Structures are given as C-alpha cells and as structure tokens.
Amino acid sequence: IIEENKDKIEIMHFSPWLLTDINQVIKLFFNDLIKVLKCSKNIKESIQSFVNILLPDEITIKVHSIGAKYKFKADDKNNLEKLKSKINKYLKELDKKIVIVIDDIDRLMDQEVELIFRLIKGIADFDNITYVLLFDREVVSKSLVKYKAEKGSKYLDKVIQYPLTIPQPYTAKVIRLLTDRLDSLLSTMGNGNYHFDENDWGEVYRLLSRYIKNVRDVNKIFDAFSFEYISISKDVNFVDFFVITLIRLHVHELYLVIKNKPELFNYDLAYTRLGMYGTDDDRKRQEEIVKRIKDDYPELDNHLDLLQTVFPVFSSYGPRSINGDHNRKSIADKFYFENYFSMTVSEDKLSFDKYHTYLDLLINEIELFKNELKRLNSDKIQQFFKMYEAHTSDNITDDLRMKVIHNIVYSIGQKNDRDFRKDKTYADFAWSSTSWSDVVAEEVVKLRKHQEALSILEKIKTWELNIVVY
C-alpha cells in the first residue's frame with residue numbers, strides 16, 4: 001500500500017520500541033514528524049514549543065474525554081491550544097496527506113501499548129494526519145484492559161475509525177513463497193555445492209503446511225536456514241538440514257533431544273548403545289526407541305511423520321540402517337550427524353572439500369597421497385573410501401579406473417614399513433582393510449577387465465586380497 005501511494009502521501013514510520021514513558025514517546029514522535037514535514041523554521045519552532053509545554057510537570061489536567069492525564073503549567077493551556085491550531089492550519093494547507101504507520105503494536109509491553117494510544121488520541125490528533133496501526137486486536141485489547149475502565153475492545157472501537165481485518169493467505173501461496181526463496185538460494189550456490197533429492201523433499205513438502213502458516217513463518221525459517229546452510233552445504237543433506245532447522249524453530253524441546261541423544265535417532269547406534277542385541281524383531285526395537293524418546297519428549301507422536309522423512313529408524317516399514325550411505329550425507333549417518341549442529345566439520349571427520357583434495361592426490365600424486373594417508377586416523381580413512389564409493393561416477397574411463405585400483409593398493413600396502421599381515425597392533429588395521437579393499441573389488445567389477453586388473457594386484461605382495469570377480 002505504501003509503495004503504491006508513496007507519490008501521493010508523505011509517509012512516517014514510527015517505531016516506539018524501548019520507550020518506557022510518555023515523555024520519551026512524545027519527544028521521539030515529534031522529532032520524526034518534523035523530519036517528515038520538512039517545514040519552515042517557524043512551524044518547527046511551533047511544534048517544538050508544543051512539545052516543551054507538554055513535558056514539564058506542574059499541574060494535572062485531562063485531555064479530551066479519554067481520561068488520560070498530562071501535566072502542564074497553568075498559564076500554558078491557552079498557548080497549547082494556540083500552537084495546536086497553528087500546526088493544524090499548516091497541515092491543512094499541505095498538498096499531501098501525512099500517513100503515520102505504527103507496526104507491531106501487539107509486541108509492545110502493556111504500558112507501552114497504552115502510551116501509543118494516549119499519543120495518537122490525546123496528544124497528536126492533528127488535522128490531515130492519518131494513522132495506520134497494525135496489531136493483533138485480541139492481544140492489544142487485553143493490554144488496554146489494565147489501563148481503561150472499559151473493555152479494551154470497546155476502547156479500540158472509539159479510537160479506530162476503520163478496522164480492516166487482513167485476510168488469511170492461502171496456504172498454497174505461503175508455501176510457494178518459501179519454495180521460491182529456497183529455489184533462488186540454490187540457484188546462487190552452483191552445482192556440486194549441495195546435495196538435494198527431489199523425492200526426499202516431496203516427503204517433507206506435504207507436511208510444511210503444519211508448520212508454515214503465514215509470511216512471518218516463511219521469513220523465520222528462510223532467514224535461519226539460509227544463514228546457516230551456506231557454511232556447511234557441502235557436508236550435509238539439504239532436506240535433512242531444512243527439517244532439523246524446522247524442528248529447532250517450532251519444536252525446540254524435540255530438537256534438544258535429537259542433538260543430545262543421537263543414539264536414539266540412528267538405528268546402528270541404537271542397536272549397539274542401547275543393548276538391543278537380544279531383540280530380533282525390528283518392530284520391537286523401534287517401539288523401544290520410541291518409548292525412550294517419549295521419556296524426554298512425550299509429544300513425539302505429533303511430529304513422528306516429519307522425523308520419518310530423515311530418520312530411517314522411524315520408518316513405517318520398520319527401522320532400517322542407512323548402511324553408511326555417504327552419498328546422501330544424512331543426519332542419521334554417524335559421520336555427518338555433528339555437522340547439523342555445529343555448522344562446521346569436526347576435526348575427526350573428513351569434509352567434502354578435503355575428500356576431493358585427497359581424491360586428486362590419489363589419482364595424480366600417489367606418493368603425496370600415501371604420505372597424507374599416514375596422518376589420517378582410521379575413521380577418516382574409512383570415510384574417504386566410503387565417500388569414494390558414493391560420489392565417484394560410473395562413467396570414468398577404464399584407464400582411470402585401472403589407475404585407481406593400482407594406486408589404492410599401492411598406497412595402502414606402502415603406508416609405512418610395518419608388515420600389515422603380522423602387526424595386529426597397527427591402529428588402522430581393521431578399518432582400512434574393510435573399507436579400501438571393498439572399493440578395489442568394486443572397481444575391478446566395473447572395469448570388466450578382470451585378468452588385467454588382477455595382474456596389478458598380483459604384482460603387489462604387501463597385502464593379501466580376497467576379491468570376488470563376477
């Protein structure tokens with residue numbers, strides 16, 4: 001409305017936040033009004049005199065019939081009326097109407113709400129000025145009850161000449177506003193800088209109307225999500241990060257349970273840490289997990305369908321493991337879980353950027369890769385090879401695939417001078433043998449040149465591999 005009428009009217013936005021008494025309100029209001037009017041020195045002095053008369057406290061009189069009390073000098077009453085008449089005459093002669101907008105009145109404290117209505121009804125009720133007041137009627141009515149002898153709603157009826165109830169926006173339009181903003185965000189990030197799955201988003205999309213009901217909700221979720229997501233986008237899943245942000249903003253108690261008890265939201269962790277080895281029935285395991293979460297958050301059922309979109313442990317088909325699906329970078333993956341709460345990758349995890357650095361070394365600088373491998377702990381080695389499985393294209397050339405096979409085996413076999421077959425105390429023994437050998441086996445299968453690939457392995461005698469060739 002303001003944008004469409006800005007050439008026809010003079011707009012003044014008045015923000016009474018943090019003003020705790022009527023003197024402060026009066027001073028700020030008239031200072032802002034003088035700036036908007038751009039009036040002559042004579043009128044400015046008249047307005048300032050009007051303010052000066054209002055502020056001293058010597059005697060008390062009533063202004064109009066609303067019962068508000070102000071304090072003036074006894075001999076200034078006539079001057080006050082003359083000054084107001086002079087100001088009104090000036091305002092009437094203006095080419096444009098003055099519109100004063102006061103927003104978010106319902107967010108003020110009760111006393112501050114009362115001060116605003118005292119100002120516009122009892123003090124600054126000038127000619128050629130229209131007030132546009134934006135507030136939740138029920139909230140403001142309750143605030144005014146404390147200061148008025150009548151009901152707050154009746155008082156508002158006397159003050160407000162034209163009440164307009166803003167219609168509820170269509171849910172579809174509100175959701176569309178959010179998705180348009182998210183699309184715009186992703187378009188600025190470039191391919192490869194985020195992981196987005198349309199099917200996953202579809203599951204979340206159908207639940208959005210439960211949490212996103214108006215434009216304020218849209219602004220709240222988008223501002224929080226976009227600010228935090230950009231810093232960690234390569235190492236989290238877009239849908240999962242959106243869901244956990246949604247939960248943090250709307251169901252904070254549940255968010256804290258997820259953050260502080262990851263073992264209840266990851267099937268593999270729940271299975272091992274909660275001592276469920278004796279339970280063979282997946283449904284019973286799931287019921288036990290849900291029961292333990294409800295001990296901390298009894299209203300879990302209200303949001304269970306949202307949790308199902310990102311935590312397979314709650315799947316309606318029964319709990320399931322994600323089996324280290326590094327391609328998805330799921331919040332339910334123990335390697336990625338912490339990323340969703342810290343906005344950075346922890347020291348014991350491998351970031352996506354670091355993975356690409358190591359991958360480039362693996363392919364082009366095998367000696368450097370071997371040296372870097374010596375510095376990695378077992379979790380990072382395992383994660384590197386699992387990320388390789390998840391993110392390496394099936395379309396790479398046979399020559400490159402052959403080079404990968406050779407370099408993986410060579411780098412692991414020559415990691416240091418120990419004999420891997422005899423030295424069981426080597427810290428990375430178990431993890432490295434299960435992760436990198438699986439990758440080699442998979443590359444051999446994809447290569448379709450089995451004999452040639454196996455001949456490479458035969459030349460490297462530092463490690464015994466059991467590879468099934470299909």
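The rules behind each value
- Residues numbered from 1 in each chain as written.
- Predicted model: local features only at pLDDT ≥ 70, side-chain atom pairs only at ≥ 80, totals over all residues.
- Heavy atoms only, no water.
- Helix = DSSP H or I, 4+ residues; strand = E, 2+ residues; numbered from the N terminus.
- Buried < 20%, exposed > 50% of the residue type's maximum accessible area, 1.4 Å probe, protein only.
- Lys, Arg positive; Asp, Glu negative; His and termini not counted.
- Salt bridge = Lys/Arg side-chain N within 4 Å of Asp/Glu carboxyl O.
- Contact = heavy atoms within 4.5 Å.
- 1 Å grid on protein atoms, 1.4 Å probe; cavity = no way out; pocket = protein on both sides within 12 Å on 5 of 7 lines; lining within 4 Å.
- Points joined across faces, edges and corners; volume = space filled by probe spheres on them.
- Nonpolar A, V, L, I, M, F, W, Y, C, P; charged D, E, K, R; others polar.
- Core = buried A, V, L, I, M, F, W, Y, C linked by side-chain atoms within 4.5 Å.
- Patch = residues over 30% accessible without salt bridge, like charges linked within 9 Å, V, L, I, M, F, W, Y side chains within 5 Å.
- Areas by Shrake-Rupley, 256 points an atom, 1.4 Å probe, with all protein chains shown as cover.
- Pairing = 2+ DSSP bridges.
- Right-handed = clockwise from strand over helix to strand, strands pointing away.
- Axes fitted to C-alpha atoms, helices over the stretch in contact; angles between N-to-C directions.
- pLDDT = per-residue confidence, 0-100.

(A) Local environment of the side chain of Asp-235. As for its position among the elements, Asp-235 is in the loop between helix 10 (215–229) and helix 11 (238–250). Among buried charged residues, Asp-235 stands out as having no salt bridge; its nearest opposite-charge side chain is Lys-329, 5.8 Å away. Apart from residues no more than four positions distant in its own chain, Asp-235 is found in contact with Lys-329, Tyr-336, Asn-339, Val-345, Leu-350, Ser-351 and Phe-352.

(B) Quick peek at empty space enclosed by the protein. In this structure the tally under the stated criterion is one cavity of 30 Å³ or more. Space inside the largest cavity adds up to approximately 40 Å³. What lines the largest cavity is simply Phe-265, Asn-266, Tyr-267, Asp-268, Pro-312, Val-313, Arg-320, Ser-321, Ile-322 and Ala-332. Split into classes, the residues belonging to the lining of the largest cavity amount to six nonpolar, two polar and two charged.

(C) Representation of the nonpolar core within the structure. With 87 residues, the main nonpolar core has Ile-212, Phe-242, Ile-258, Leu-307, Phe-311 and Phe-314 as its most contacted residues. If one sorts the elements of this core by residue count, helix 11 sits on top with eight residues. Ignoring anything within four residues of it in the chain, the contact list for Ile-258 reads Ile-244, Ile-247, Phe-265, Leu-307, Phe-311, Phe-337 and Phe-341. In this structure, Ile-26, Leu-108, Ile-116 and Ile-160 belong to the second largest nonpolar core, which totals 47 residues.

(D) Looking closely at the environment of Tyr-355. When you line up the elements, Tyr-355 lands in helix 17 (residues 352–364). Sequence separation between Tyr-355 and Lys-380 is 25 residues; the distance between their C-alpha atoms is 9.5 Å. Excluding anything up to four places from it in sequence, Tyr-355 contacts Leu-350, Phe-384, Met-387, Tyr-388, His-391 and Thr-392.

(E) Focus on the pattern of salt bridges. Tallied over the entire structure, the rule returns 22 salt bridges. Between Asp-125 and Lys-84 there is a salt bridge whose closest N-O contact spans 2.5 Å. Placement of the pair is Asp-125 in the loop between helix 5 (110–123) and strand 5 (129–133) and Lys-84 in helix 4 (residues 77–92), with a sequence separation of 41 residues. Judged by its relative accessible area of 16%, Lys-84 is buried. A salt bridge links Arg-206 to Glu-203; the nearest nitrogen and oxygen atoms lie 3.5 Å apart.

(F) Inspection of a nonpolar patch on the surface at higher detail. Together, Val-132, Leu-134 and Ile-166 make up a nonpolar patch on the protein surface, roughly 250 Å² of accessible area in all. Structurally, Ile-166 can be placed in the loop between helix 7 (152–159) and helix 8 (171–187).

(G) Quick look at the pairing of strand 4 (residues 97–102). Most of strand 4 is tucked away: five of the six residues are buried. As paired strands, strand 1 (residues 9–13) and strand 4 are joined by five bridges and run parallel to one another. What sits directly across from His-13, in strand 4, is Val-101. In this sheet, strand 5 lies alongside strand 4 in parallel orientation, the contact comprising five bridges. Paired with Ile-98 across the strands is Ile-129, a residue of strand 5. Each parallel crossover has a hand, and the one from strand 4 via helix 5 to strand 5 is right-handed.

(H) Region of the structure containing the sheet that holds strand 5. With respect to topology, three strands assemble into an open sheet ordered 1-4-5, the strand pairing being parallel. Edge positions in the open sheet fall to strand 1 and strand 5, since each of these has one partner strand only. Strand after strand, the sheet turns through a mean of 25° between neighbouring axes, direction not considered. Packing of helix 2 (residues 22–37) onto the sheet brings it into contact with strand 1, strand 4 and strand 5, and relative to strand 1 it is tilted by some 150°.

(I) Inspection of the layout of surface pockets at higher detail. Within this model, the largest pocket holds a volume of roughly 1,800 Å³. Around the largest pocket, the lining comprises 37 residues; the ones closest to its centre are Val-132, Leu-133, Leu-134, Phe-135 and Leu-164. For the lining of the largest pocket, the elements supplying multiple residues, two or more each, are helix 1 (2–5), strand 4, helix 5, strand 5 and helix 10. For the lining of the largest pocket, the element with the highest residue contribution is strand 5, accounting for five residues. Put simply, the second largest pocket is a space of about 400 Å³. Taken together, 17 residues line the second largest pocket, and the ones lying closest to its centre are Gln-308, Thr-309, Val-310, Pro-312 and Arg-320. Among the elements of the structure, helix 9 (198–205) and helix 15 (304–308) are those that each provide at least two residues to the lining of the second largest pocket.

(J) Molecular detail of the side chain of Lys-380. When you line up the elements, Lys-380 lands in helix 19 (residues 378–391). Other than its neighbours up to four places away in sequence, Lys-380 contacts Glu-347, Asp-348, Lys-349 and Leu-350.

(K) Main features of the confidence of the model for the protein. The predicted model of the protein averages 80 in pLDDT, with 83% of residues at 70 or higher. For the protein, strand 2 (residues 59–62) is the element with the lowest average pLDDT, namely 41, and helix 11 is the one with the highest, namely 96. Note that residues 58–70 has pLDDT below 50 and, in this model, 31 contacts with residues that lie over four places away or in other chains. Within the model, pLDDT remains below 50 along residues 416–433, and this stretch shows 29 contacts once partners closer than five positions in the same chain are excluded.

(L) Summary view of unusual backbone geometry. Non-glycine residue Asn-128 carries a positive phi angle of around 65°. Along the chain, the position of Asn-128 falls in the loop between helix 5 and strand 5. Residues other than glycine seldom take positive phi values, yet Lys-329 does so here, at roughly 55°. In this structure, Lys-329 sits in the loop between helix 15 and helix 16 (339–342).

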